[in-house]
Amino acid sequence: MTSTEAAVLPPLAAAHMPVGIFDSGLGGLSVLRAVRTLLPDEAIVYAADSLYAPYGERDDDFIADRTLAVCQWLVAQGAKALVVACNTATSQAISMVREKLPVPLIGVEPGIKPAALQSKTRVAGVLATQVTLRSARFQALLERYAADCRFLCQPGHGLVQAIERCDVGSAELRALLDGYLQPMLDAGADTLVLGCTHYPFLDTLIRDIVGDRLELIDTSVAIARQLERILDQQGLRAAPPAPGETPPLPRLHSTSDGAHLRQMASSLLNLDVPVEQVLIPSRRTAAPDSLPV
Ligand code: DGL
């Protein structure tokens, strides 16, 4: 039986089981950081599909196929709830995956609502993958919340690739980002939505470029709060450790060799844990177009 087949068996969710967090790569670490801060007693199992990142360069069916496979794998690891910590995967696959999995699923989406609520100039920028920006879910978000606020939507081509290489500060990356942010400033934007979970790791570089002219909207804390609500509703909150014990460290997995995941977790989250390389088969990764991009 493959790990994919095993995952469709209904698990017996219980409070001591881990929360699963999934991203196409390293970006979900920004969500993991928020979850650990808010819910320090929760065990976490993290899966980065770095072999197939960036998802933003893939077709919709490929993204849905990988999202389902990795989420099923996390359920097979005993996850009691899942955070799809990837805007791109959420925009393409969350409804389908939710129907197929027997555990609560929390997705992420760009913070259009908070940006529309707080922008004073009524002009806001959005940086996200091309796939997220063209998705029906994102268009519906804009229709619902943008109201009188103008959103300048900029695909962040090249940004996920840089972060996957652990580049969060090179001169080339700075020039690329500058090209995305300058037109927003010129148009009078005062707010920037980070619509990809990789981008919070660019906050220092963004601050360097824009100073305090743009308020950054990162939804990772809101996602952690949503997870907290769902765990409470379902009676799935982990108990605090017994006296003398420490909360469990997250278990990190990657479909690539995991060296960059380990490096980012260590340098940006101060989390020094090994990364286990895992094989997660799926329908589309048996095909010739599945090679890493
Ligand atoms: N962290 C993913 C997101 O939030 C990156 C997508 C990609 O791999 O292109 O969209």
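The structure presented is a predicted model; accordingly, all values stated were derived computationally and were not measured.

Rules behind the numbers
- The residue count restarts for each chain, going from 1 along the sequence in the order it is written.
- Local features in this predicted model are restricted to residues whose pLDDT is 70 or higher, and side-chain atom pairs enter the listing and the counts only when it is 80 or higher, whereas totals over whole chains, interfaces and linings include all residues.
- Remark: hydrogens and water are excluded; side-chain values derive from all non-hydrogen atoms of the structure.
- Using protein atoms alone on a 1 Å grid, points that fit a 1.4 Å probe yet trap it form a cavity, whereas open point sets bounded by protein on both sides within 12 Å along at least five of seven lines form a pocket; residues with an atom within 4 Å of a point count as lining.
- Grid points are joined across faces, edges and corners, and a volume is the space filled by probe spheres set on the points.
- Runs of H or I in DSSP of at least four residues are treated as helices and runs of E of at least two as strands, each being numbered from the N terminus.
- Each residue is assigned to one of three groups, with Ala, Val, Leu, Ile, Met, Phe, Trp, Tyr, Cys and Pro labelled nonpolar, Asp, Glu, Lys and Arg labelled charged, and all others, Gly among them, labelled polar.
- Every axis corresponds to a line fitted to the C-alpha atoms, with the helix fit spanning only the stretch in contact, and the corresponding angles, defined between N-to-C directions, vary from 0 to 180 degrees.
- Note on angle classes: values under 35 degrees are labelled roughly parallel, values over 145 roughly antiparallel, values of 65 to 115 roughly perpendicular, and the remainder oblique.
- When the near helix sits turned anticlockwise from the far one by under a right angle, the crossing is termed left-handed; a clockwise turn instead gives a right-handed crossing.
- Contact definition: two residues touch when any of their heavy atoms are within 4.5 Å.
- Only protein chains enter the accessibility calculation, which uses a 1.4 Å probe. A residue is then buried if its area is under 20% of the maximum for its type, exposed if over 50%, and partly exposed in between.
- We call two strands paired when DSSP finds no fewer than two bridges between them.
- Stacked, tilted and edge-to-face pairs are distinguished by plane angle, under 30 degrees for stacked and over 60 for edge-to-face with tilted covering the rest, among Phe, Tyr and Trp rings (Trp via its six-membered ring) whose centres lie within 6.5 Å.
- The near set for a molecule or strand comprises every residue that places at least one heavy atom within 4 Å of it.
- Think of a polar contact as two N or O atoms within 3.5 Å of one another; within protein, one of them needs to be a possible hydrogen donor and the other a possible acceptor, and neighboring residues in sequence only count if both atoms come from side chains.
- Calculation of accessible area relied on Shrake-Rupley with a 1.4 Å probe; when residues are assessed, cover is drawn exclusively from the protein chains displayed.

Q: Help me out: how do you make sense of the layout of surface pockets in this one?
A: To locate leftover empty space, one rolls a probe as large as a water molecule over the atoms. Reported here for the largest pocket is a volume of approximately 590 Å³. Lining the largest pocket are 26 residues, with Gly107, Val108, Glu109, Thr219 and Ala222 sitting closest to its centre. Those elements that provide at least two residues to the lining of the largest pocket are α4 (87-100), β4 (105-106), α5 (112-118), α7 (136-145) and α11 (220-233). Its residues assigned to classes, the lining of the largest pocket shows 14 nonpolar, five polar and seven charged.

Q: I keep staring at the packing of helix α9 (residues 171-186) against helix α10 (residues 203-210) and nothing clicks. Help me out?
A: Between two packed helices, the angle of one axis relative to the other and the distance separating the axes together describe the packing. In the contact formed by α9 and α10, the axes pass within 10 Å of each other and the chain directions differ by 55°. Here α9 lies oblique to α10, going by the angle between them. At the point where α9 passes α10, the crossing takes the right-handed sense. Between α9 and α10, the contacting residues are Leu173, Arg174, Leu177, Asp178, Leu181 and Leu185 on the first element and Leu205, Ile206, Asp208, Ile209 and Val210 on the second. Tallied by class, the residues present in the contact of α9 with α10 amount to eight nonpolar, no polar and three charged.

Q: Help me understand the packing of helix α3 (residues 60-76) against α4, please; the structure alone is not making it clear to me.
A: Between α3 and α4, the least distance of the axes is 9 Å, while the angle of their chain directions is 55°. On the basis of the axis angle, α3 is oblique to α4. Note on packing geometry: the crossing formed by α3 with α4 is right-handed. Counting all contacts with α3, which are made through Asp60, Ile63, Ala64, Thr67, Leu68 and Cys71, the residues of α4 involved are Thr88, Ala89, Gln92, Ala93, Met96, Val97 and Lys100. Its residues assigned to classes, the contact of α3 with α4 shows eight nonpolar, three polar and two charged.

Q: I tried to follow the pairing of strand β5 (residues 123-128) on my own but got confused; where do I start?
A: Walk down a regular strand and you will see the side chains alternate between the two sheet faces. Counting buried positions along β5 yields six of six residues, so the element is predominantly enclosed. A two-sided burial pattern is seen for β5, the buried positions comprising Val123, Gly125 and Leu127 on one face and Ala124, Val126 and Ala128 on the other. One ladder, built from six bridges, connects β5 with strand β6 (residues 150-155); its direction is parallel. Bridge pairing links leucine 127 to glutamine 154 in β6. Bridge count for β5 against strand β7 (residues 191-194) is four bridges, and the pairing is parallel. The residue of β7 that forms the bridge with valine 126 is valine 193.

Q: Got a minute to help me understand the packing of aromatic side chains in this structure?
A: To describe a pair of aromatic rings, one takes the distance between the centres and the angle between the planes. Per the stated rule, a full pass over the model turns up two aromatic pairs. Aromatic side chains tyrosine 52 and phenylalanine 62 sit 5.9 Å apart centroid to centroid with 65° between the ring planes, which places their arrangement in the edge-to-face category. Placement of the pair is tyrosine 52 in the loop between β2 (44-48) and α3 and phenylalanine 62 in helix α3, with a sequence separation of 10 residues.

Q: I would appreciate a short explanation of the site of the ligand in the present structure.
A: The ligand sits among 13 residues. The nearest are Ser24, Tyr55, Gly56, Thr88 and His198. Note that an oxygen atom of the ligand is positioned 2.6 Å from one of the side-chain N or O atoms of serine 24. Calculation on the ligand without its partners gives an accessible area of 300 Å², and the protein chains cover 99% of this total. Looking at the shell around the ligand residue by residue, the classes come out as five nonpolar, seven polar and one charged.

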